[in-house]
Amino acid sequence: MPTLSFLFFSGPYQSESPETVIELTKAALDKGIKVKIFCYMDAVNCVKTGQKKVPGVTNIEEGFKELISKGAEVRLCSLCLLVRGTKDVLEGAKRAGTPDIAEMAEESDRFLVIC
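A brief look at the structure comes next. Starting afresh in each chain, residues are numbered from 1 along the sequence in its written order. Selection of residues for local features in this predicted model requires a pLDDT of at least 70, selection of side-chain atom pairs for listing and counting requires 80 or more, and totals for whole chains, interfaces and linings are taken over all residues. Heavy atoms throughout the structure, all of them, feed into the side-chain values; hydrogens and water do not.

Re the environment of P18
- Here P18 shows up in helix α1 (residues 17–30).
- C-alpha of P18 to C-alpha of E107: the two residues are 89 residues apart in sequence and 23 Å apart in space.
- Contacts between residues were defined by any pair of non-hydrogen atoms, one from each residue, lying within 4.5 Å. In this structure, P18 is in contact with F8, S10, G11, P12, C46 and I60, ignoring residues within four places of it in sequence. The numbering of helices and of strands both runs from the N terminus, where a helix is a DSSP run of H or I of at least 4 residues and a strand a run of E of at least 2.

A look at the sheet that holds strand β4 (residues 94–96)
- The sheet built from five strands is open, its strands ordered β4-β3-β2-β1-β5 with parallel pairing. A strand with exactly one partner marks an edge of an open sheet, and here the two such strands are β4 and β5 (110–114). The average undirected angle you get between the axes of adjacent strands in this sheet is 25°.
- Where strand β2 (residues 34–39) meets strand β3 (residues 73–77), four bridges bridge the pair, whose relative direction is parallel. Residue pairing in the sheet places I37 in a bridge with V74 of β3.
- Convention adopted: a line fitted to C-alpha atoms gives each axis, helices being fitted over their contacting stretch, and angles between N-to-C directions are expressed from 0 to 180 degrees. Packing against the sheet, helix α2 (residues 60–69) makes contact with β1 (3–8), β2 and β3, and its axis sits at approximately 140° to β2.
- Along the sheet, helix α4 (residues 99–107) makes contact with β1, β2, β3, β4 and β5, crossing β2 at roughly 155°. Here, a strand pair is defined by DSSP locating no fewer than two bridges between the strands.

Digging into the pattern of salt bridges
- Every case where a carboxyl oxygen of Asp or Glu lies within 4 Å of a side-chain nitrogen of Lys or Arg is listed as a salt bridge. Going through the model one piece at a time under the given rule, you end up with ten salt bridges.
- Here K65 and E62 are joined by a salt bridge, their closest N and O atoms 3.8 Å apart. A residue pair is termed a helical-turn pair when its members lie 3 or 4 positions apart in one helix, as K65 and E62 do in helix α2 at three residues.
- Burial status follows relative accessibility: with a 1.4 Å probe on protein chains alone, a residue under 20% of its type maximum counts as buried, one over 50% as exposed, and anything between as partly exposed. For K65, a relative accessible area of 40% corresponds to the partly exposed category.
- The exposure class of E62 is partly exposed, given its relative accessible area of 30%.
- Shared partners join several salt bridges into a network, and the residues in it are E23, K26, E66 and K70.

Here is the structure:
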C-alpha cells in the first residue's frame, strides 16, 4: 500500500493549511493510500480538544478526529505540546519526536511539507 506523509506546521484557524491537510488526507484515504501526519510547531493545536463549533467555520478538531477514525496516523511533537501548554488532545494522536520525521520520510512514497 502506498504511503503519503505530511510534515505540517500551521495552527488551526490561522490559514487554510489545516483544511488543506484534512481534505488531502480524506482523498488519499478514500483511494486506499496510507497517510501519516506529523504535527509540528503550532500544528499540534489542531488536535486540541474543546475547540468551539462556529457556524460556517470548519472545525479543525472534528476534521482531525475523522481522519484518525479513518486510519490516518497522527503524530504530535512532544516538545511543541509542552512549550505551548497543550495537554488535552484527541484520542488516537500519538506523541512523538523529531526522529519520527526522518522515519516517516524514509517509509513514505511521497512526503509533503505544508506550512
